[in-house]
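The chain contents come next:
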Amino acid sequence: MDLDFSSEQTMLRDSAAKFFANECNYEEVKHIEETDQGYSPKLWQKIAELGWTGLLFPENYGGYGGSFLDLVIIFEEIGKACFPSPFFSTIVQCGLLILEGGTEEQKNDLLSRIADGSLIMSLAQYEAETDYTYESITMKAEQKGDAYVLNGTKMFAMDANIADKLIVAAHAGAAGLSLFLVDADHPGVSITKLPYVSAENACEVIFKDVEVGSNDMIGAPGDGASLLDKMYDKAAVAKAAEMSGGCERAIGLTAKYARERVQYGNPIGGYQAIQHFMSNMLIAADTCSNYLYKVACMIDEGDDFSRDASGLKAVANEAYRFVTERAVKIHGGIGTTREADIALFYRRAHPFSMMCGSTAYHYEKVAQSLLKDGLGAF
Amino acid sequence: MDYKLTDEELALKKMYNEFFREEMKKAPLKTLKGGLEGSYSSDEVWEFTKYMRKKLVEKGWYVQHWPKEYGGRDAPLNEQMIFNESLAYFGAPGIDGFGVGMFGPTLMLYATEEQKKRLLLPIGKGEVQYCQGWSEPNAGSDLASLNTLAIKDGEYYVVNGQKIWITGGHRADHMFLLARTNPAEKRGRGLSVFNVDLFWPGIEIRPIKYMNGAHIYNEVFFTDCRIHESERIGPENQGWAITRDTMNFERSGAGAFARARRELEHVLEYVKTTKRNGKYLWEDPLVRQKLGKLYSEMEAGRAMAYKVAWLQRVGNLRFSPAVASEGKVFSTELMQRIADFAIEIMGLPGNLEDLESAPLQGAMIGSYQTIIGSIICAGSNEIQRNIIAWVGCGLPRLKGQG
Ligand SMILES: Cc1cc2nc3c(=O)[nH]c(=O)nc-3n(C[C@H](O)[C@H](O)[C@H](O)COP(=O)(O)OP(=O)(O)OC[C@H]3O[C@@H](n4cnc5c(N)ncnc54)[C@H](O)[C@@H]3O)c2cc1C
């Protein structure tokens, strides 16, 4: 057992923290949120230069062959900074799908372009009536000779408005759910950014007679569900890292405010109601972050981590919602404004919780695993 | 970073688990209730506690984390954590938590050579049972306000006062006593620590029944009890600083989550095999939700407890960061949630205390009653939350907050 970060990991964290402090403070975040693009191409290039966009990919695809724990460190800092970018959609959702299911050619082409910052991607999976499973996905890919034709509407495709390429989940006849690669500027694709509480780029994407060659698929026809499952196990951990970092920062900002804000002659942080709110917030955050590191290590060790990825995501959901709600409350009126830094976190609570599966969805997954396999050897 | 046990540690774990699994087959059913009741209540349970103690001493595990000179083998902290997890998982009694866990380490820091020989070595050999003589009717959370007096008279201190909630006082032969040696001082400044033989004249022990009817704790009355100055630990009037160290030794970690895990295993088995209205309990989505939640919280808490152990290992034994307080709050309240959940889904039979026929042999309704005591004792969870806010969040400590 060794529960310290390596010196390289500490350097990675420090440099990420420094980057956000210098390049993307909360004023900048609020500014980016107001733009149509919802991200900063300039900062995206900079993080590519820092190597973050290729961190997770093997070196032969232009990446750095980093560990999952390395990625977790970056995501914690992203979560602290509330950094608006297509990092999650491009690197985690689409990147992991390609890494797992792509052909050698696709990996060479797409992953190296993601790594150098020149390719942004979006996953178009949800529909108006789907939940976190894939059973109710209705979109069909009709076979037409050697190609498929896509028709239908996808919802909440994150960063589709700025993406160069989309991965689309649709049913390919009897084969079942499959993943298709579509150029975002295809004339049959129309993309609309939706007003979304976190100001993230949540998009509606309408496909009208979009023809896709059978080469432009991730995995074989019918591989969609298993590829998505595999991706989401890891993606849930990455999202939990973003949320865990967010909890830590929200607590830090709130503790600072509680030390400085004076009412009735004392800093409000001296009052026990506030102190006990804050200690409960810290307990929620620390249980979450330690579980996070444990699960990240399980991934890096090649252990079976699916159950704990779900447990972690649910714990992170509960922690982030609890912490951010209390954090705004402790800020009083100032915390409820559009300008308030702490409101950035509060507005992210619901969308983050739902990304990769809600609390209830993950508790159900944990329970199914327990009922099937028991708790495992002690 | 890695959470893996080495092959050596895995072998140790296997050895401990096998030992406790076998030995606990001999345990009287009441031991199942674990916690406070699991050691000191009935004669049957206490006999088994002494039996287990003898076994642990024979194995060389009783104080294996102690230095060699005091009877240990300097076992590294992570090995001790594995041992504690195994012990807690199987709910095994035997270790005198007061002597081995609290007073022993205090003696190592503060006792004279003579005291170490006379007091420490018998603790390490499992020959004595200690109890903790701190709380008084008017000094609970605010312990430093205590008022049992120990007034110097020649070579002796004359002790008068009342102690309360003394766990295992009726099974113990010794007490570590915190008393006021300087009546002119109001708070922590005038206190001293003493080793007390409970068979000395002037000491009376009266039982208090716990809510479940068990005899767990006691009142202890001192009336002109004469304690020789050679029984004082550390300098006179320095007892508060010493006691704060003792309190830090009290903090438990990973064991509590191992215990929670065992409870969850039992509850899982119960929902898989029990029907209500023709349906298995596990078919109820609400049951599955809570099961998923409790498991996830248990794993998260365990990861945090490992962090506490790690910090203590790379820091030192006396180091007690805010995260140790977080572990105490989280583990006790998690066990309360587990018991509440289990009893609720058991329905009316969940209220049965009869050990043979009750669901899970009454372990959950037993835990429901004893865990609330753990939430209150060893620094109540409110006091822990104060500490977390001050130390963990850096919030100001206002006058009068303790
Ligand atoms: C099962 C059990 C076993 C015990 N065993 C022992 C033992 O072996 N030896 C021994 O010496 N003592 C023992 N105790 C005593 C224990 O240490 C005290 O009960 C504890 O310190 C609390 O003191 P109190 O009961 O007087 O409650 P009080 O201190 O009166 O507290 C009452 C309530 O007020 C809250 N409170 C108090 N102060 C504050 C504050 N500043 N901020 C917010 N809330 C506050 C407490 O959390 C609690 O909820 C035991 C207690 C129990 C329940």
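Residues numbered from 1 in each chain as written. Chains lettered and ligands numbered in written order. Predicted model: local features only at pLDDT ≥ 70, side-chain atom pairs only at ≥ 80, totals over all residues. Heavy atoms only, no water.

Enquirer: A description of the overall build of chain A should follow, citing residues and the corresponding values.
Expert: Scanning chain A from N- to C-terminus turns up 11 helices and 10 strands. Taken against the 2.2 N^0.38 rule, which gives 21 Å for 378 residues, the C-alpha radius of gyration of chain A at 21 Å falls within 12% of a compact globule. Counting only C-alpha atoms and orienting by the principal axes, one finds that chain A spans roughly 80 × 50 × 40 Å. The buried share among the 378 residues of chain A stands at 61%. Summarising the internal contacts of chain A: among those between residues at least 6 apart in sequence, 73% fall at separations of at least 24. (Helix = DSSP H or I, 4+ residues; strand = E, 2+ residues; numbered from the N terminus. Rg over C-alpha atoms; globule rule 2.2 N^0.38 Å. Buried < 20%, exposed > 50% of the residue type's maximum accessible area, 1.4 Å probe, protein only. Contact = heavy atoms within 4.5 Å.)

Enquirer: How would you explain the site of the ligand if you had to name every residue and give the values?
Expert: Taken together, the neighbourhood of the ligand is formed by 21 residues, with S141, W165, T167, S380 and E382 of chain B sitting nearest. The ligand sits at the junction of chains A and B, each of which supplies nearby residues. In this structure, an oxygen atom belonging to the ligand sits 3.0 Å away from a main-chain N or O atom of W134 of chain B. With respect to the ligand, the backbone of W165 of chain B contributes an N or O atom lying 2.8 Å from a nitrogen atom. In the complex, the protein chains occlude 71% of the 970 Å² of accessible area that the ligand would expose alone. Mapped by element, the contributors of at least two residues to the shell around the ligand are α11 (363-376) and α12 (381-392) of chain B. It is α12 of chain B that contributes the most residues to the shell around the ligand, three residues altogether. Across the shell around the ligand, the residue classes break down as 10 nonpolar, 10 polar and one charged. (Near = heavy atom within 4 Å. Polar contact = N/O pair within 3.5 Å; in protein donor to acceptor, adjacent residues only side chain to side chain. Areas by Shrake-Rupley, 256 points an atom, 1.4 Å probe, with all protein chains shown as cover. Nonpolar A, V, L, I, M, F, W, Y, C, P; charged D, E, K, R; others polar.)

Enquirer: Summarise the interface of chain B and chain A; cite the residues concerned and give the values.
Expert: Each partner contributes to the interface: chain B provides 54 residues, whereas chain A provides 48 residues. At the boundary of chain B with chain A, total buried surface from both sides reaches about 5,000 Å², with 64% on carbon and sulfur atoms. Contact with chain A buries surface across chain B, with M1, Y3 and Y295 of chain B losing the most and accounting together for 16% of the total. Counting the contacts that link chain B with chain A gives four salt bridges. With a closest N to O distance of 3.4 Å, E299 of chain B and K294 of chain A form a salt bridge. Taken together, the links from chain B to chain A amount to 23 residue pairs in polar contact (both at pLDDT 80 or more). Counting residues per element, the ones that place at least two in the side of chain B that touches chain A are α1 (7-23), α4 (77-89), α8 (254-273), α9 (285-314), α10 (322-346) and α12 of chain B. Examining the composition of the side of chain B that touches chain A, we find that 19 residues originate from one element, α9 of chain B, more than from any other. (Buried area = accessible area lost by both parts, 1.4 Å probe. Salt bridge = Lys/Arg side-chain N within 4 Å of Asp/Glu carboxyl O.)

Enquirer: Got a sec to walk through the domain arrangement of chain A? Specific residues and values, please.
Expert: Residues and elements named next belong to chain A. Along its sequence, chain A is organised into domain 1 (7-120), domain 2 (122-222) and domain 3 (225-372). Taken over C-alpha atoms, the centre of domain 2 sits 30 Å from the centre of domain 3. Taken together, the contact pairs 17 residues of domain 2 with 17 residues of domain 3. Each partner contributes to the roughly 1,400 Å² buried at the junction of domain 2 and domain 3, and carbon and sulfur atoms together form 65% of this total. When the area that domain 2 buries against domain 3 is broken down by residue, the three leading residues are Y132, Y134 and V197, summing to 43%. At the boundary of domain 2 and domain 3, one finds zero salt bridges. Counting the contacts that link domain 2 with domain 3 gives three residue pairs in polar contact (both at pLDDT 80 or more). Partitioned by chemical class, the residues of the side of domain 2 that touches domain 3 number 12 nonpolar, four polar and one charged. (Domains from an automatic or database assignment.)

Enquirer: So what about the nonpolar core? Which residues, and what values?
Expert: The biggest cluster of nonpolar side chains holds 183 residues, and the ones touching the most others in it are F87, L150, I167, F180, F207 and L228 of chain A. Ranked by size, the runner-up nonpolar core spans 49 residues in total, among them Y70, Y89, V100 and L191 of chain B. (Core = buried A, V, L, I, M, F, W, Y, C linked by side-chain atoms within 4.5 Å.)

Enquirer: Which residues make up the side chain of E136 of chain B, and what are the values?
Expert: All names here are of chain B. Within the secondary structure, E136 sits in the loop between β1 (130-133) and β2 (149-153). On the basis of relative accessible area, E136 is assigned to the buried category, the value being 7%. A distance of 2.8 Å separates the side chain of E136 from the side chain of T148, its partner in a polar contact.

Enquirer: Got a sec to walk through the pairing of strand β5 (residues 191-197) of chain B? Specific residues and values, please.
Expert: Residues and elements named next belong to chain B. Across the seven residues that make up β5, a large majority, six, are buried. Sheet topology note: the strand β4 (residues 174-180)/β5 ladder contains seven bridges and is antiparallel. The residue of β5 that forms the bridge with H174 is D197. Pairing of β5 with strand β8 (residues 232-233), which is carried by two bridges, proceeds in the antiparallel orientation. Paired with F194 across the strands is R232, a residue of β8. (Pairing = 2+ DSSP bridges.)

Enquirer: Describe unusual backbone geometry, with residues and values.
Expert: One non-glycine residue, A199 of chain A, adopts positive backbone phi at about 60 degrees. Residue placement: A199 of chain A occurs in the loop between β6 (189-193) and β7 (202-213). We note that L360 of chain B has phi near 45 degrees; this positive angle belongs to a residue other than glycine. You can see L360 of chain B is positioned in the loop between α10 and α11.

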